[in-house]
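Structural overview for review
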Amino acid sequence: MTTVQIADAERLLFTTEDAAARLGIHRSTLYDLIRSRKLKIGARRLVRVSALEEAIQLLEEETAA
């Protein structure tokens, strides 16, 4: 069996632990973002890179307001 190594920059989905680490926030903060619908997730709680980018943009807009 061959194991494929994928760099974080190339990954399309992240576990909640990986997504929190990528954002530099605690996992409970990530769950707060999910509950408040500022971060969209799938049924398996894998987080799309584009969803991380959207969440960052929303947070930046909130702090700028």
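Heads up: the structure comes first, above all this text.
The text that follows walks through the structure, step by step, so that each part is easy to find. Remember, predicted model here, so these are calculated numbers, not experimental data. (Residues numbered from 1 in each chain as written. Predicted model: local features only at pLDDT ≥ 70, side-chain atom pairs only at ≥ 80, totals over all residues. Heavy atoms only, no water.)

1. Some thoughts on the overall build of the protein
Regarding its fold elements, the protein presents 3 helices and 2 strands. Helices and strands appear in the protein in the N-to-C order β-α-α-β-α. Taking all 65 residues of the protein together, 22% fall into the buried category. Within the protein, contacts between residues at least 6 apart in sequence are counted, and of these 41% link residues at least 24 apart. Surface accessibility of the protein: about 5,000 Å² in total, with carbon and sulfur atoms responsible for 52%. (Helix = DSSP H or I, 4+ residues; strand = E, 2+ residues; numbered from the N terminus. Buried < 20%, exposed > 50% of the residue type's maximum accessible area, 1.4 Å probe, protein only. Contact = heavy atoms within 4.5 Å. Areas by Shrake-Rupley, 256 points an atom, 1.4 Å probe, with all protein chains shown as cover.)

2. Side note on the nonpolar core
Formed by Phe14, Ala19, Ala20, Leu30, Leu33, Ile34, Leu39, Val47, Val49, Ala51, Leu52 and Ala55, the largest nonpolar core amounts to 12 residues. Of all elements in the fold, only helix H1 (16-23), helix H2 (27-35) and helix H3 (49-64) reach the threshold of two or more residues within this core. A per-element tally of this core places H3 first, with 4 residues. In contact with Val47, not counting residues within four places along its chain, are Leu12, Leu13, Phe14, Ala19, Leu39, Ile41 and Leu52. (Core = buried A, V, L, I, M, F, W, Y, C linked by side-chain atoms within 4.5 Å.)

3. Let's talk about the pattern of salt bridges
Going through the model one piece at a time under the given rule, you end up with 3 salt bridges. Among the ionic pairs, Arg27 bridges to Glu17, the shortest N-O distance being 3.0 Å. You can see Arg27 sitting in helix H2 and its partner Glu17 sitting in helix H1, a full 10 residues away along the chain. Arg27 sits in the partly exposed class, given a relative accessible area of 39%. Across the pair Glu62 and Lys38 runs a salt bridge whose closest N-O atoms are separated by 2.8 Å. Here Lys38 lies in the loop between H2 and strand E2 (47-48) and Glu62 lies in helix H3, a separation of 24 residues in the sequence. (Salt bridge = Lys/Arg side-chain N within 4 Å of Asp/Glu carboxyl O.)

4. With respect to unusual backbone geometry
Phi is positive for Arg37, which is not a glycine, with a value near 65°. Tracing the sequence through the fold places Arg37 in the loop between H2 and E2.

5. What about the environment of Val49?
Mapped onto the elements of the fold, Val49 is located in helix H3. For the pair formed by Val49 and Ala19, sequence separation is 30 residues and the distance between their alpha carbons is 8.5 Å. In this structure, Val49 is in contact with Arg11, Leu12 and Phe14, ignoring residues within four places of it in sequence.

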